[in-house]
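# Survey of secondary and tertiary structure
Residues per chain, in single letters:
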Amino acid sequence: MPKFTVLKTGVNEGLINKTKEVVEGYMEKLFHDYEIVQIDDFYTFTFGTVTVTIQVLPWHSDDVLVKVYSYLAEDIEINASLTEELLRLNANIPFGGFGLAFDGTVSFSYSLAGKNLDLNEFEAAVQMVAKTADEYDDLIQENKSLTIN
């Protein structure tokens, strides 16, 4: 049996609020006030042609998730070629991953454990999602080949 603790179900509201405060502090270091829009528990900013969203979400009783994501394209035709290219990209991108929703939406997301979140990993997540989403959104919308960089 592994030495790690088995995840317990439950929501830790105190940790959610503490992590939101940490995330807000990190965003103050990374952005100007006018660059971040906060609506309820969603923090968004624009990078190039995409909008990136940051959310603190329940995960289990001892930790929370910090999810950084962007929608790249909506209502596109999901075909074998696109899914294969996205899977190949996922295999080669070091952090984060592309996702497909049932309604033809393509997203790129990167989730972090929030309990011990540090600025370096938060900044890496924000940079990775912003850069990747902005790089691939037009290619996906125009149904062009997604070359692996």
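All residue numbers refer to position in the chain's written sequence, counted from 1. Thresholds applied to this predicted model are a pLDDT of at least 70 for local features of residues and 80 or more for the giving and counting of side-chain atom pairs; totals over whole chains, interfaces and linings are not thresholded and use all residues. Only hydrogens and water are set aside; all other atoms, that is, all heavy atoms of the structure, feed into the side-chain values.

What follows concerns the nonpolar core. Val23, Ile54, Val66, Leu72, Phe98, Phe122 and Ile140 are the most contacted members of the largest nonpolar core, which has 37 residues in total. Secondary structure elements are defined from DSSP: runs of H or I of at least 4 residues count as helices, runs of E of at least 2 residues count as strands, and each element is numbered from the N terminus. When contributions to this core are tallied by element, the ones reaching two or more residues are α1 (13-30), β2 (42-47), β3 (50-60), β4 (63-73), α2 (80-92), β6 (106-113) and α3 (119-141). Of the residues forming this core, the biggest block, 9 residues, is contributed by α3. Setting aside anything within four residues of it in sequence, one finds phenylalanine 98 in contact with Leu72, Leu86, Leu89, Asn90, Ile93, Val106, Ser107, Phe108, Thr132, Tyr136 and Ile140. Definition used in this section: a nonpolar core is a set of buried Ala, Val, Leu, Ile, Met, Phe, Trp, Tyr and Cys residues joined via side-chain atoms within 4.5 Å. Remark: exposure states derive from per-residue accessible area (1.4 Å probe, protein chains only) relative to the maximum for the residue type, with buried under 20%, exposed over 50%, and partly exposed in between. Contacts are assigned to residue pairs that have any heavy atoms within 4.5 Å of one another.

Our next topic: α1. With 18 residues, α1 should reach 26 Å at 1.5 Å per residue; the first-to-last C-alpha distance of 26 Å fits that figure. The set of residues buried in α1 consists of Leu15, Ile16, Thr19, Lys20, Val23, Tyr26 and Met27. Taken down its axis, α1 places every buried residue within 140° of arc, on the same side. Residues of α1 that are exposed and angled more than 90 degrees away from the buried face: Glu21, Glu28 and Lys29. Expected helix span is taken as 1.5 Å per residue step, with the number of steps being one fewer than the number of residues. Comment: arc refers to directions from the helix axis out to C-beta atoms.

Here the focus is a negative patch on the surface. Note on patches: the residues involved have over 30% relative accessible area and no salt bridge, like charges join within 9 Å, and the nonpolar side chains Val, Leu, Ile, Met, Phe, Trp and Tyr join within 5 Å. The protein chains shown are the only cover counted for residues, whose accessible areas, like all others here, come from Shrake-Rupley with a 1.4 Å probe. Salt bridges are identified by distance alone: a Lys or Arg side-chain nitrogen within 4 Å of an Asp or Glu carboxyl oxygen. Here Asp and Glu are counted as negative and Lys and Arg as positive; His is not counted, and neither are the chain ends. Where a charge lies is defined by one atom per residue type, namely NZ (Lys), CZ (Arg), CG (Asp) and CD (Glu). Where like charges cluster on the molecular surface, the negative patch consists of Glu21, Glu24, Glu28 and Asp33. The residue glutamate 24 is located in helix α1 in this model.

A few words on the pairing of β4. Buried residues dominate β4, accounting for 8 of its 11 residues. Looking at chain direction, β3 and β4 are connected through 8 bridges and run antiparallel. By the bridge assignment, proline 58 is partnered in β4 with valine 64. A strand pair is defined by DSSP finding two or more bridges across the two strands. Counted between consecutive antiparallel strands, the loop separating β3 from β4 contains 2 residues.

Turning next to the pairing of β6. By the bridge criterion, 8 bridges tie β4 to β6 in an arrangement that is antiparallel. Across the sheet, residue tyrosine 69 finds its bridge partner in β6, namely serine 109. The sheet contact formed by strand β5 (residues 97-100) and β6 spans 4 bridges and is antiparallel. Paired with leucine 100 across the strands is valine 106, a residue of β6. The turn joining β5 and β6, which pair antiparallel and follow one another in sequence, is formed by 5 residues; a positive phi near 85° is taken by glycine 104.

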